[in-house]
Amino acid sequence: MPKSRIESLLTSFPKLIPAGSQHTSVETSDVRYVYQPLEDLYILIITNKASNILQDIDTLHLFARVTSDMCRSADEKEIHRNAFELLGAFDEIVSLGYREQVNLMQIRSVLEMESHEEKIQEIIARNKEAEAKEELKRRAKQLEMQRREQSRRQQGGGGIGGGVSGYSSVPRFEVSEPVRAPASSVVSSVPTKAPAFKGSGMKLGKKGKQSDLIDALGTEIATPNTSIPNTPQRAASPERPRFQLNVEQESVHVTVREQLSLTLNQAGGLKSLSLKGDLNLLISEPSLNKIKLSLLELADDYGSDLQFKYHPNLFKGTEAERGGLESEIRLKDGGRAWPVGQPLGVLRWKLAGKDESFVPLSINCWPTPTGDGTTEVNIEYELESDRLKLHDLTISIPLPDGFPKVGSHTGSYSVDPNTNALVWSIPLVSSDSDKSGSMEFTIDGEDTTAFFPVKVDFVAEGSLVGGGIEGVTNADGSETLVFSQEVTCTTDEYTIVE
């Protein structure tokens, strides 16, 4: 079908939508339009008239679920921002005009494109790279010691012959910058006439072709495995999939998502905090399309720092008009029904302020120079909000050059060579288990600013402001209904700066 034909069909679609109709399909002499409203936009499928309309509606609902899953809101800006990912997901649903037999979970799996074998190979490759670096350092030290020994022999009257015999066991390559300075001092003590070194052997102070080749290859040189005590494995772990709640969905399902951006000062105090949240409602049974939701009462008074925004079709009382939280969510028009089979964003909120009581997890990073060329770093965390249960907590501390020697610590750790950071991982932090933890390590260098900014990441089960649903009833409140809800809070940016 040519592009001009598609543009013509799309241009004529808005004119064909009947006003006030509950139908979600309209036909012309050639094609059938199957559509579904998604807030201010429409999701549209154009098919021929011989197509199975029940299958088309099912496909349309899957398109809507994918869009809601990948976009925080169904506005035009968010759709444009995720256009590439949406096109990839849509391509998995429909191929050459025909519906593929896939569901939402399968589409997520395909888009993530995770491969366990690939992750293992990446770990092996990074291990070899780290081992090669250490082997080069070890050989550089060995070569330097042999050069110094040769210099002492020559100064003591060992002669040229002794010098040649002393070099016989040295590998015929030169390594990097650290050994150039000793090499120049050795050259100055060698007699000017040394025929034994002419055309063969090692020429100190001058790089040969093999040395240039090694410098060009860098860390890609394959070397034997050398174990180094008290040194963490310098290998970046592949990014693990973020924790996801496994909630069995009922016919009425509520999803609460919060995203936190926060910056703390190392010396104490909150520099900035921004929390954005939304509440989405999904009804899968047509018989339950006239309900109302009772909201949980907020445990804390956030004042004007916390503002709520309601969907235009919802009833707004005095609190809602002031940007506050009502006790329930219901439609403004009692005769209307909730949409069925598509998630709808009904409530949003935003928290902004500099009150330290809003901080869910406090981090204390304290580097102390020891006076012998090293720095001792003590870092600890403590859960401040009992409403949250943190999963997959990672704390990333930047490092100066060198390997840290880690002492006592909670959880596990690794060194990421890509970012040169110590990644501290704790699987679970909650008020029911350990609310706090600590780590100690030492490393070469005395620049305390090198350990900042510290970056924190987690997926929390629960709401930072205590938002959620207390109960669901039918529109007149005469019957209590079963519902499920999924409440999570994730980090967008959580840093500690000096």
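No experiment lies behind these values; they were computed from the predicted model shown. (Residues numbered from 1 in each chain as written. Predicted model: local features only at pLDDT ≥ 70, side-chain atom pairs only at ≥ 80, totals over all residues. Heavy atoms only, no water.)

Caption draft 1: Highlighting the confidence of the model for the protein. Within the protein, residue pLDDT values average 80, and 81% of them lie at 70 or more. Note that residues 216–238 has pLDDT below 50 and, in this model, 47 contacts with residues that lie over four places away or in other chains. (pLDDT = per-residue confidence, 0-100. Contact = heavy atoms within 4.5 Å.)

Caption draft 2: Expanded view of the packing of helix α2 (residues 53–70) against helix α5 (residues 104–112). As a packed pair, α2 and α5 sit with axes 10 Å apart at the nearest point and diverge in direction by 50°. Of the possible angle classes, the one that applies to α2 and α5 is oblique. For the element pair α2 and α5, the recorded crossing hand is right-handed. For the pair α2 and α5, the contacting residues are Leu62, Arg65, Val66, Asp69 and Met70 in the first and Leu104, Ile107, Arg108 and Leu111 in the second. Residues of the contact of α2 with α5, tallied by class, amount to six nonpolar, no polar and three charged. (Axes fitted to C-alpha atoms, helices over the stretch in contact; angles between N-to-C directions. Helix = DSSP H or I, 4+ residues; strand = E, 2+ residues; numbered from the N terminus. Parallel < 35°, antiparallel > 145°, perpendicular 65-115°, else oblique. Left-handed = near helix turned anticlockwise from the far one by under 90°. Nonpolar A, V, L, I, M, F, W, Y, C, P; charged D, E, K, R; others polar.)

Caption draft 3: Structural view of the sheet that holds strand β7 (residues 270–283). Spatially, nine strands are ordered β9-β11-β7-β6-β22-β19-β14-β17-β16 in an open sheet, and the strand pairing comes out mixed. Bordering the open sheet on either side are β9 (306–310) and β16 (412–416), each of which pairs with just one other strand. Mean inter-strand twist for the sheet, computed between neighbouring axes without regard to direction, equals 15°. In terms of strand pairing, strand β14 (residues 389–398) meets strand β17 (residues 421–429) through eight bridges, oriented antiparallel. Within the sheet, the bridge partner assigned to Thr394 lies in β17 and is Ser425. (Pairing = 2+ DSSP bridges.)

Caption draft 4: View of the nonpolar core. Counting residues in hydrophobic clusters, the biggest one holds 68 residues, and the most contacted among them are Leu279, Trp338 and Ile395. Non-local contacts of Ile395, meaning those with residues more than four positions away in its chain, are made with Ile363, Ile379, Tyr381, Leu422, Val423, Trp424, Val454, Lys455 and Val456. Residues Val34, Leu62, Phe63 and Leu104 belong to the second largest nonpolar core, which totals 14 residues. (Core = buried A, V, L, I, M, F, W, Y, C linked by side-chain atoms within 4.5 Å. Buried < 20%, exposed > 50% of the residue type's maximum accessible area, 1.4 Å probe, protein only.)

Caption draft 5: Spatial organisation of the pairing of strand β11 (residues 344–352). As paired strands, β7 and β11 are joined by eight bridges and run antiparallel to one another. Each residue of the ladder has a partner; that of Leu279, found in β11, is Leu347.

Caption draft 6: Spatial organisation of the sheet that holds strand β1 (residues 25–27). Read across the open sheet, the three strands follow the order β1-β2-β3; overall the sheet is antiparallel. A single partner strand is all that each edge strand has here, and the edge strands are β1 and β3 (41–48). Averaged over all neighbouring strand pairs, the angle between strand axes comes to 20°, with direction disregarded. Where strand β2 (residues 31–38) meets β3, eight bridges bridge the pair, whose relative direction is antiparallel. Paired with Gln36 across the two strands is Ile43, which belongs to β3. Contacts from helix α1 (residues 3–16) reach β1, β2 and β3, with the element oriented near 60° to β2. This element, α2, spans β1, β2 and β3 of the sheet and lies at about 35° to β2.

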